[in-house]
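# Structure assessment
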Amino acid sequence: MRTIVIDPVTRIEGHLKIEATVDDGVVVEARSTGTLFRGIELILQGRDPRDAPRITQRICGVCPTAHATASTFALDEAFGIADRIPANGRILRNLILGCNFIQSHVLHFYHLAALDYVDVTAVAGYEGTDPGLLAAKAFLGRGELGPFVPRYEGDYRFPTDVAQRLASHYVQAFDVRRKAHELLAVFGGKMPHNVGIVPGGVTQVPEVDTIAGFLWRLNEIRHFIDHVYVPDVLEVARAYGDYAEVGGGCGSFISYGGFPLENGRFLGSGTIAMDLAPEEIGVGKITESVQHAWLASERDPLHPSEGVTVPDPSKEGAYSWIKAPRYDGDVYEGGPLARMLLGYARGIEPIVALVDRVLGALDAGPAALNSALGRHAARAVECKVVADAMADWVLDLVPGGEVYAPYEIPDEGEGAGLTAAPRGALGHWVRLKDGAIDHYQCVVPTTWNASPKDEQGKPGPIEQAIAGTPIADEENPFEIVRIVRSFDPCLACAVHLITPRGRTLGRYVVS
Amino acid sequence: MAETREMPVIWIQAATCSGCSVSVLNSAAPKITDLLLSEVIPGRHINLRFQATVMAGSGEPAVEVLDAAAKGDPGTYVLIVEGSIPTKDGGVYGTLGEVPMVDRVIPLAENAAVIIGLGTCASFGGIFAADPNPGGCVSVGDLLREKGIDTPLINVPGCPPHPDWFVGTVATILVGGVSAVKVDELGRPIRFFGQLIHENCPRRAYFDEGKFAKHLSDEGCLYELGCKGTITHADCPLRRWNNGTNWVIGSGAPCNGCVEPEFPDLISPFYERLPEEALLVPRKES
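Position numbers for residues start from 1 in each chain and track the written sequence from start to end. Chain letters start at A and ligand numbers start at 1, both assigned in the order the entries are written. Side-chain atom pairs in this predicted model are given and counted only at pLDDT of 80 or more, local residue features only at pLDDT of at least 70, and totals for whole chains, interfaces and linings cover all residues. Side-chain numbers come from the whole structure's heavy atoms, not from hydrogens or water.

## Comments concerning the overall build of chain B
If you tally the helices and strands in chain B, you get eleven helices and nine strands. Taking 19 Å as the expected radius of gyration for a compact globule of 286 residues, we find that chain B reaches 19 Å, a close match to that expectation. Across its three principal directions, the C-alpha atoms of chain B cover 60 × 50 × 35 Å. Each residue gets one of three labels from its accessible area relative to the maximum for its type: buried under 20%, exposed over 50%, partly exposed in between, using a 1.4 Å probe on protein chains only. Residues counted as buried form 63% of the 286 residues belonging to chain B. Partitioning the intrachain contacts of chain B with sequence separation of at least 6 by distance along the chain shows that 75% fall at a separation of at least 24. Think of it this way: any DSSP run of H or I at least four residues long counts as a helix, any run of E at least two long counts as a strand, and we number them from the N terminus. We compute the radius of gyration over the C-alpha atoms and compare it with the globule rule, which gives 2.2 Å times the number of residues raised to the power 0.38. Contact between two residues is taken to exist if any of their heavy atoms lie within 4.5 Å; hydrogens are not considered.

As structure tokens, this is what we get:
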């Protein structure tokens with residue numbers, strides 16, 4: 001029996017440590033530890049509520065737009081203006097968030113995950129004319145290999161020509177994700193930390209030139225998604241087919257849905273298991289446990305609305321700054337896989353056709369989706385589905401039309417803002433008193449996925465996904481980092497602080 | 001072919017949202033791949049030995065890079081610190097490689113040739129040091145002063161910083177050394193932070209005419225809606241963001257003053273008008 005400690009897990013957002021106890025070549029137990037505590041929610045208390053979308057974006061520089069979105073949804077409700085947002089404002093918010101989905105998903109596959117599968121040193125023998133690969137070859141030739149070496153060595157499976165092609169896509173994808181941020185800036189002002197999404201709508205009126213510019217910037221990115229990103233995910237799926245059999249997590253999935261349309265949401269909400277029978281979600285069933293977190297509490301678990309959070313860094317039996325959210329007392333995973341499973345089970349096209357294409361490449365049934373590869377595939381499918389929809393949404397904008405509904409800040413008010421974020425289900429809750437923030441709370445995707453054990457001793461989704469995995473080479477534990485990264489963890493989001501006073505969440509039901 | 005001189009870079013992420021890293025990924029000319037792979041200027045290459053967001057290695061192989069730098073020959077690498085540094089209770093609120101971040105940063109800072117405080121958190125404390133500062137986060141400058149470390153420090157603030165501000169500062173160091181970077185009293189390169197947003201704002205004429213926007217998305221100067229461009233030193237109006245696509249005031253939003261040490265506590269509420277007295281005390285350059 002020995003324990004493998006990976007700290008830091010790099011190529012994720014934020015600070016994560018993974019410990020895996022290995023017995024006879026198989027992980028028998030895994031522990032996921034968030035290693036940074038900041039306390040954004042405490043910082044928000046007493047501030048002007050309009051500042052919340054700007055400040056909560058600083059929870060995460062990779063997915064700030066999702067926080068701005070959740071925060072404005074919560075404030076729209078608290079200000080009593082949720083039904084007054086002009087159609088242009090709703091659409092522009094969706095477009096700005098959609099750009100963040102594209103950027104996040106492309107960045108994740110190529111720049112955070114791909115180095116676990118593709119040996120970039122294969123470009124040393126490159127003989128072609130691709131300038132990115134020639135630069136990489138010259139770089140390797142100088143013998144200074146950071147940041148690509150040191151790394152885990154061994155299980156890189158692609159033949160040289162395929163590895164070279166994928167390495168060129170790694171280089172190209174840096175341009176694509178940069179252009180996704182440029183696309184976002186067309187209506188969001190700048191990125192990271194957009195300034196466009198505000199309570200009441202957005203700040204910039206669309207005109208014909210910005211609409212057309214947005215569409216054609218988007219189309220360039222869609223071409224990459226269709227002809228490079230999705231095929232590359234299938235290429236990895238074929239070479240690493242065994243990863244459709246490992247990395248399966250708790251097998252229960254949760255989504256709040258996202259991208260409000262005139263009626264309903266473009267990405268659906270609900271819970272689902274591998275029996276593919278979707279159920280409606282009731283947000284009142286959420287609890288959070290601090291049993292294994294460095295946080296003190298007299299009662300546990302608690303409804304997030306009642307959460308008491310007092311840092312207790314020397315607490316016995318604790319091993320993370322992350323709380324353990326649970327739904328109806330059980331462990332749930334969020335993310336693109338949750339949303340694509342819901343779309344697949346509900347027969348929504350083009351999700352069904354795209355997921356079937358993935359399953360065809362794997363030569364497997366839907367059960368294979370609950371795996372490390374399944375998460376990558378679902379992320380690529382979602383990226384395409386959202387990007388294609390954005391090309392329709394942008395043409396629904398009315399040039400010169402209003403984007404913003406003026407309002408007065410009420411003394412009292414409360415609101416919930418629930419949205420799909422690139423990494424899973426994101427919720428912000430706000431309560432106002434004397435026109436200022438009295439209580440603010442975020443329950444974020446990676447809090448679900450990277451959570452430690454709960455009060456019943458049930459491990460979190462990432463911990464469950466690692467447990468039971470055979471490790472071929474304990475000095476180079478590829479299996480663990482591949483599984484962890486398939487979740488696209490965002491630890492900056494996950495580690496936060498909830499203020500002592502709470503409210504009832506039970507009334508909120510996501511539609 | 002002339003020999004390439006390598007400049008090793010250690011990039012530590014402390015209490016950060018990673019937005020500074022992501023912003024640097026947005027660099028358009030040179031592109032991030034040029035920065036990583038090619039010579040930033042002929043004959044000079046940045047060798048990014050540790051950067052947790054992009055590096056291949058995890059766990060021990062990654063941490064060994066940090067230990068080697070801290071214990072190696074002094075003055076051989078550039079240290080970039082992104083984020084403020086949690087110091088409360090011995091720094092337990094943030095650890096890296098099973099050691100408090102503050103205990104990683106101190107030896108790396110002592111041994112570095114020069115330190116770049118990247119972003120407003122590293123430069124001045126920023127968001128995570130905002131009241132009530134739950135983790136006891138401090139800026140790099142404050143930590144260096146407290147520990148008596150005299151390694152040269154350049155602050156490149158911004159929440160996030162514009163990629164050009166970072167790349168331009170690094171290129172200036174590569175060409176002429178640290179002394180080539182002319183800084184203001186806050187350690188910010190004057191090249192990028194020498195003028196007020198207000199001085200170059202395309203909506204300046206509205207301010208002078210007294211035509212103020214009443215609501216977000218209106219035409220007019222955004223001063224009444226909380227714009228902090230009148231007290232914020234940065235070249236955003238000229239440089240614009242995301243490869244020149246747009247910028248904050250260009251999209252109809254007020255400037256949040258994110259490059260200033262007062263961000264966020266003393267510069268918020270973001271959507272409330274500045275008191276007029278604030279216009280009368282421009283910060284002097286050194």
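## Brief notes about the interface of chain B and chain A
Across the contact, 80 residues belong to chain B and 81 residues belong to chain A. In short, buried area is how much 1.4 Å probe accessible area vanishes from two parts on joining, totalled over both. Taken over both partners, the interface formed by chain B and chain A buries close to 6,600 Å², and the fraction arising from carbon and sulfur atoms is 60%. On the chain B side of the interface with chain A, the three residues burying the most area are L37, Y93 and Y271 of chain B, jointly 11% of the side's total. Whenever Lys or Arg places a side-chain nitrogen within 4 Å of a carboxyl oxygen from Asp or Glu, that contact is recorded as a salt bridge. In this assembly, chain B and chain A are joined by four salt bridges. Between R50 of chain A and E272 of chain B there is a salt bridge, and its shortest N-O distance comes to 2.6 Å. Two N or O atoms count as a polar contact when they lie within 3.5 Å, although within protein this holds only if one can serve as hydrogen donor and the other as acceptor, and sequence-adjacent residues are included solely when both atoms are side-chain atoms. If you look at where chain B meets chain A, you find 22 residue pairs in polar contact (both at pLDDT 80 or more). Listed by contribution, the elements that provide at least two residues to the side of chain B that touches chain A are β1 (5-13), α1 (19-25), α2 (32-37), β2 (44-51), α3 (59-71) and β5 (95-96) of chain B. Split by residue class, the side of chain B that touches chain A holds 41 nonpolar, 31 polar and eight charged. Gly falls in the polar group here, along with every residue not listed as nonpolar (Ala, Val, Leu, Ile, Met, Phe, Trp, Tyr, Cys, Pro) or charged (Asp, Glu, Lys, Arg).

## Remarks on the nonpolar core
Nonpolar core, defined: a set of buried Ala, Val, Leu, Ile, Met, Phe, Trp, Tyr and Cys residues in which side-chain atoms within 4.5 Å join the residues together. Counting residues in each nonpolar core, the largest one holds 240 residues, and the members touching the most others are I102, F214, Y229 and M390 of chain A together with I10 and L79 of chain B. Counting residues domain by domain, this core receives three or more from each of domain 1 (5-190) and domain 2 (195-281) of chain B. When near neighbours in sequence (up to four residues on either side) are disregarded, M390 of chain A contacts L95, G98, C99, I102, L183, F214 and L218 of chain A. Core analysis: the next-biggest nonpolar cluster, separate from the first, contains 13 residues, I281, V283, I286 and V443 of chain A among them. Domain start and end points were adopted from an automatic or database domain assignment.

## Details of the state of the cysteines
Residues and elements named next belong to chain B. Here, two cysteine sulfur atoms that lie within 2.5 Å of each other are counted as a disulfide. Summed over the entire model, instances satisfying the criterion amount to zero disulfides over all chains. For the unlinked cysteine C20, the closest cysteine sulfur is that of C17, found at 6.4 Å. In this model C201 remains outside any disulfide bridge; the closest cysteine sulfur is found in C227, 6.5 Å from its own.

## Quick word on the environment of A68 of chain A
All names here are of chain A. Assignment of secondary structure puts A68 in helix α3 (residues 64-78). Distance in space between the C-alpha atoms of A68 and R58 is 9.5 Å, their sequence separation being ten residues. Dropping the residues within four chain positions of it, A68 is found in contact with P53, R54, Q57, N194 and I197.

## Notes on the domain arrangement of chain B
Residue and element names in this part refer to chain B. As assigned here, chain B comprises domain 1 (5-190) and domain 2 (195-281). The straight-line distance from the C-alpha centre of domain 1 to that of domain 2 is 28 Å. Taken together, the contact pairs 19 residues of domain 1 with 16 residues of domain 2. Here domain 1 meets domain 2 over a buried area of about 1,400 Å², counting both sides, of which 62% is carbon and sulfur. When residues of domain 1 are sorted by the area they lose upon contact with domain 2, H162, W165 and R188 head the list and together hold 35% of the total. Where domain 1 touches domain 2, the interface holds two salt bridges. In this structure, the salt-bridge partner of R239 is D164, at a minimum N-O distance of 3.0 Å. For the pair domain 1 and domain 2, the number of links is seven residue pairs in polar contact (both at pLDDT 80 or more). Where the side of domain 1 that touches domain 2 is concerned, the elements lending two or more residues are α5 (119-124) and α7 (163-176).

## Points about the packing of helix α7 (residues 208-239) of chain A against helix α10 (residues 372-393) of chain A
Residue and element names in this part refer to chain A. What counts as an axis is a line fitted to C-alpha atoms, over the stretch in contact for a helix, and the angles between N-to-C directions run from 0 to 180 degrees. Contact pair α7 / α10: the axes reach a minimum separation of 10 Å and the direction vectors enclose 160°. Compared by their axis directions, α7 and α10 come out roughly antiparallel. In the crossing of α7 with α10, the sense of the turn from one axis to the other is left-handed. Judged by residue contacts, F214, L215, L218, R222, I225, D226, Y229, V230, V233, V236 and A237 of α7 engage L373, H376, A377, R379, A380, C383, K384, A387, D388, M390 and A391 from α10. Residues that form the contact of α7 with α10 fall into these classes: 16 nonpolar, one polar and five charged. To sort the angles, those under 35 degrees are grouped as roughly parallel, those over 145 as roughly antiparallel, those from 65 to 115 as roughly perpendicular, and the leftovers as oblique. Helix crossings get a hand from a simple test, with the near helix turned counterclockwise from the far one by less than a right angle marking a left-handed crossing and a clockwise turn marking a right-handed one.

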